[in-house]
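What follows is each chain in one-letter form.
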Amino acid sequence: MKKINIGNSGLLASEISLGIMRMNALTHEEATAVIRTAVDNGIDYFDHADIYGRGTSEEIFGKAFKELGIARDSVMLQTKCGIVPGVMFDFSKEHIIASVEGSLKRLQTDYVDALLLHRPDTLMEPEEVAEAFEELQKSGKVRHFGVSNQNPMQVELLKKVVTQPLLINQLQLSLTHAPMIDAGFNVNMMNNPSLVHDGSVLEYSRITDMTIQPWSPFQAGNGKKGLFFDHPDYVELNEKIEAMADDKDVSREAIAIAWLLRHPAKMQPIVGSMNPERIAAICKASDVALSRTEWYDLYKAAGKKLP
């Protein structure tokens, strides 16, 4: 699999990463098969969060990974903190450090390669975050840092005091949920796609060398439930995807991921499948080179209109 330079930091990782949110539903044997398949197909970056399965996803992964005997330094583990489910967001120093300690214990590792702040906390004190990051970095428990679902000014507020580079921003993005791309096409217009919902985060990320990690790359989005595959609202898109998949001899999931990888922002999509066969099929996206015409054909087939 091709590698991506995370945040222009020199940290090279697989351009497709595996999200572990749903691993709490797997048996130990199933989790082992998922991790083994991912690694065998070139994935070396795994995305976690302290809240996934209320911690059990990290526990199951940690046990399975250790028993597989895969060298720790051959993969990168990322986790997130800051959400107290159903209660609040908490970017306090105490919560950040306690969350990391919990993740390290569950993952059975001495360090994580990246820690992301999980969604914005409007009560955040940047100085507290900076103190937590400094302590975690000096102790060797966290090597790199980033955010998720944050707009440029929220990132800039953190950068005011945080000394470590913020390398990553996790953002929802798919063929059918692409407001950051839509707004860029509809500048100086009065239609709905022209609305900038995220502070031009796509362009900001490219300017500041932040790697976008698209999450839910197969979700219909825009208020629609389920996947866009076989969705009655996306008949034209599915026909186009299936035709391209047949032509290139890959799965339709690989085409959807290849669409994200084609963007010059050099994104790192997070796929959340816990099906080994599907994971292997998705990884073939790394070998799919969409032309400019094919990229735009898929974008328009998703119901988007160019001005």
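Read on for an overview of the structure. (Residues numbered from 1 in each chain as written. Predicted model: local features only at pLDDT ≥ 70, side-chain atom pairs only at ≥ 80, totals over all residues. Heavy atoms only, no water.)

## Some points on helix H9 (residues 252-261)
Piece 1. H9 sits mainly inside the fold: nine of its 10 residues count as buried.
Piece 2. The set of residues buried in H9 consists of Glu-253, Ala-254, Ile-255, Ala-256, Ile-257, Ala-258, Trp-259, Leu-260 and Leu-261.
Piece 3. Of the surrounding secondary structure, the elements contacted by the buried residues of H9 are helix H6 (179-185), strand E11 (211-215), helix H8 (235-248), strand E14 (270-271), helix H10 (276-283) and helix H11 (292-301). (Buried < 20%, exposed > 50% of the residue type's maximum accessible area, 1.4 Å probe, protein only. Helix = DSSP H or I, 4+ residues; strand = E, 2+ residues; numbered from the N terminus. Contact = heavy atoms within 4.5 Å.)

## Focus on the pairing of strand E13 (residues 224-227)
Piece 1. By the bridge criterion, two bridges tie strand E12 (residues 219-221) to E13 in an arrangement that is antiparallel. Note on E13: the bridge partner recorded for Gln-219 is Leu-227.
Piece 2. If you look at the hairpin formed by E12 and E13, you'll find two residues sitting between the two strands, and Asn-222 has a positive phi there, around 50 degrees. (Pairing = 2+ DSSP bridges.)

## Thoughts on H10
Piece 1. Every buried residue of H10 is accounted for by Ile-279, Ile-282 and Cys-283. Along the long axis of H10, the arc covered by the buried residues comes to 100 degrees, so they all point the same way.
Piece 2. Those residues of H10 that are buried are in contact with strand E3 (17-19), helix H1 (28-40), H9 and E14.
Piece 3. Two to three positions downstream of the cap, the backbone nitrogen of Glu-277 sits 2.9 Å from a side-chain oxygen, assigning the N-cap of H10 to Asn-275. (Arc of directions from axis to C-beta. Polar contact = N/O pair within 3.5 Å; in protein donor to acceptor, adjacent residues only side chain to side chain.)

## Some words on the side chain of Ser-17
Piece 1. With respect to the helices, strands and loops of the structure, Ser-17 is situated in strand E3.
Piece 2. Every residue in contact with Ser-17, bar those within four places of it in the chain, is listed here: Ile-43, Tyr-45, Gln-268, Pro-269, Ile-270 and Val-271.

## A few points about the packing of H8 against H11
Piece 1. Two elements in contact, H8 and H11, have axes whose closest approach is 8 Å; the angle formed by their N-to-C orientations is 150 degrees. It follows that H8 is roughly antiparallel to H11 by the angle criterion. Residues Glu-236, Leu-237, Lys-240, Ile-241, Met-244 and Lys-248 of H8 pack against Glu-294, Asp-297, Leu-298 and Ala-301 of H11.
Piece 2. Tallied by class, the residues present in the contact of H8 with H11 amount to five nonpolar, no polar and five charged. (Axes fitted to C-alpha atoms, helices over the stretch in contact; angles between N-to-C directions. Parallel < 35°, antiparallel > 145°, perpendicular 65-115°, else oblique. Nonpolar A, V, L, I, M, F, W, Y, C, P; charged D, E, K, R; others polar.)

## Thoughts on the sheet that holds E3
Piece 1. Reading across from one edge, E11-E10-E9-E8-E5-E4-E3-E14 is the order of the eight strands in this open sheet, with parallel pairing throughout. What marks the edges here is a single partner per strand, and that holds for E11 and E14.
Piece 2. Bridge count between E3 and strand E4 (residues 45-47): two bridges; the pairing is parallel. Considered in E4, the bridge of Gly-19 is made with Asp-47.

## Side note on the packing of aromatic side chains
Piece 1. Per the stated rule, a full pass over the model turns up 10 aromatic pairs.
Piece 2. Measuring from centroid to centroid gives 4.8 Å for Phe-228 and Phe-229, while their planes differ by 55 degrees, and the two rings are tilted.
Piece 3. By relative accessible area, Phe-228 is classed as buried at 0%.
Piece 4. By the ring-pair criterion, three or more aromatic residues cluster together here, those being Phe-185, Trp-259, Trp-295, Tyr-296 and Tyr-299. (Phe/Tyr/Trp six-rings, centres within 6.5 Å; stacked < 30°, edge-to-face > 60°.)

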